[in-house]
Amino acid sequence: PTVDSRGRRNRYNLQPPLNSALGKEIQKEAFTMMSNQLGAHPANAGHFIYEELWHPEDQGYDDQSLLQYWQWLQNKYKTIDALNKDWGSNYKEWEDIVQPQQGKVEFWQFTPEFINFRKFRGWAQREMVKSACELVHEKEPNHFAWGAKGDFGTQSWYTGEFLDGFGWYSPEVAASVSRYFGKT
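Please read these numbers as outputs of a predicted model, since none were measured by experiment. (Residues numbered from 1 in each chain as written. Predicted model: local features only at pLDDT ≥ 70, side-chain atom pairs only at ≥ 80, totals over all residues. Heavy atoms only, no water.)

Once that is clear, we can look at the overall build of the protein chain. Each helix and strand in the protein chain was counted, giving five helices and three strands. Starting at the N terminus and walking to the C terminus, you meet the elements of the protein chain as α-β-α-α-α-β-β-α. When burial is assessed residue by residue, the protein chain has 43% of its 184 residues classed as buried. Counting only carbon and sulfur atoms, one obtains 54% of the accessible surface of the protein chain, whose full area is about 10500 Å². (Helix = DSSP H or I, 4+ residues; strand = E, 2+ residues; numbered from the N terminus. Buried < 20%, exposed > 50% of the residue type's maximum accessible area, 1.4 Å probe, protein only. Areas by Shrake-Rupley, 256 points an atom, 1.4 Å probe, with all protein chains shown as cover.)

Take a look at the structure:
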């Protein structure tokens, strides 16, 4: 399992929840070590930030993810009444809302709960990539940051805003992302 500098274990085994404090700490340690050891190597042109960055499945929803989800919903809907109206629900408090259990039911659900949670996961993925790119550019300003695709269902080109290069299955998509963010 992943362990940080203080010996804390990542209970999610492979990857902590996206945009979590533990994830960002591990990310910072990894990029700092790589920069210290490989930053000046002549063969190092840049860093591959991610390839299909996933939010861990069922066990990946920690308390911090839930708090961030509630905040994300509050930013979007402003009031619980507005959320209830849009979702056709009757939640009394933000804290009554739980994250849908992925893998327990059909993967593609078109309920407001599931759709909004997928959008939240896309936001969390984008924030994690942004953090990694900021670290690379801070520690190695002459090297580029590269990434490709995303979590199934949140696969998007939005992370291209922070990357110096973005890949997909076709060069046309990668070039389109670069042009969109003015990186040609």
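With 73% of its residues at a pLDDT of at least 70, the protein chain reaches an overall mean of 78. Looking over the protein chain, one finds the lowest element-wise mean pLDDT in helix H5 (residues 171-180), namely 73, and the highest in helix H3 (residues 80-87), namely 96. (pLDDT = per-residue confidence, 0-100.)

Interhelical geometry of helix H2 (residues 63-77) versus helix H4 (residues 112-139) gives an angle of 105° and a closest axis separation of 10 Å. Comparing the axis directions of H2 and H4 gives the class roughly perpendicular. Where H2 approaches H4, its residues Ser 65, Gln 68, Tyr 69, Trp 72, Leu 73, Lys 76 and Tyr 77 are matched on the opposing element by Glu 113, Asn 116, Phe 117, Lys 119, Phe 120 and Trp 123. Residue classes in the contact of H2 with H4 are distributed as seven nonpolar, three polar and three charged. (Axes fitted to C-alpha atoms, helices over the stretch in contact; angles between N-to-C directions. Parallel < 35°, antiparallel > 145°, perpendicular 65-115°, else oblique. Contact = heavy atoms within 4.5 Å. Nonpolar A, V, L, I, M, F, W, Y, C, P; charged D, E, K, R; others polar.)

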